[in-house]
Amino acid sequence: MDLAADDPGTKMAISLLAAVLEFQRDMISENTKEGVAAAAASGKTLGRPTALDEDQAASARSGKRSLNHT
C-alpha cells in the first residue's frame, strides 16, 4: 500500500488505522489510571522508594544549610 497515495481508499485505511491506534492508547491510559487508583486504595506506596530515612534527610538538610551560610 502506497501511504503517500492520494486516493480515497488509502485515506480511509489510514484514518481507520489512526482511529484504532488512538482507541488503544486511550484504553492503555484508562487501565493505567485504574491500576494506580486501586494500588493507592489498597495502601501501596507509589513511586520510587526513598534513599534516606528521616534522620539522614534532616542531617543532609542541616549540612546544606551550614554550607550556604559560610
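Up top is the structure.
Each value, and the rule that gives it
Residues numbered from 1 in each chain as written. Predicted model: local features only at pLDDT ≥ 70, side-chain atom pairs only at ≥ 80, totals over all residues. Heavy atoms only, no water. Helix = DSSP H or I, 4+ residues; strand = E, 2+ residues; numbered from the N terminus. Buried < 20%, exposed > 50% of the residue type's maximum accessible area, 1.4 Å probe, protein only. Areas by Shrake-Rupley, 256 points an atom, 1.4 Å probe, with all protein chains shown as cover. Patch = residues over 30% accessible without salt bridge, like charges linked within 9 Å, V, L, I, M, F, W, Y side chains within 5 Å. Salt bridge = Lys/Arg side-chain N within 4 Å of Asp/Glu carboxyl O. Lys, Arg positive; Asp, Glu negative; His and termini not counted. Charge placed at Lys NZ, Arg CZ, Asp CG, Glu CD. Expected span 1.5 Å × (residues − 1). Polar contact = N/O pair within 3.5 Å; in protein donor to acceptor, adjacent residues only side chain to side chain.

## Remarks on the overall build of the protein
Tallying secondary structure elements over the protein gives 2 helices and 0 strands in all. Here the protein holds 70 residues, and 4% of them are scored as buried. Accessible area of the protein: about 6,300 Å², with a carbon and sulfur share of 60%.

## Observations regarding a negative patch on the surface
A cluster of like negative charges, contributed by E22, D26, E30 and E34, occupies part of the molecular surface. Its place among the elements puts E34 in helix α1 (residues 8-41).

## Let's talk about the pattern of salt bridges
Enumeration according to the criterion identifies 1 salt bridge in this entry. Two residues, D6 and K11, come together in a salt bridge whose shortest N-O distance is 3.6 Å. Judged by relative accessible area, D6 falls into the exposed class, the value being 63%.

## Points about α1
Between the first and last C-alpha of α1 there are 49 Å, a value that for 34 residues agrees with the 50 Å anticipated at 1.5 Å per step. Looking at where α1 begins, the residue whose side-chain oxygen comes 3.3 Å from the main-chain nitrogen of G9 is D7. Following α1 by one or two positions, G43 has its phi on the positive side, about 90°.

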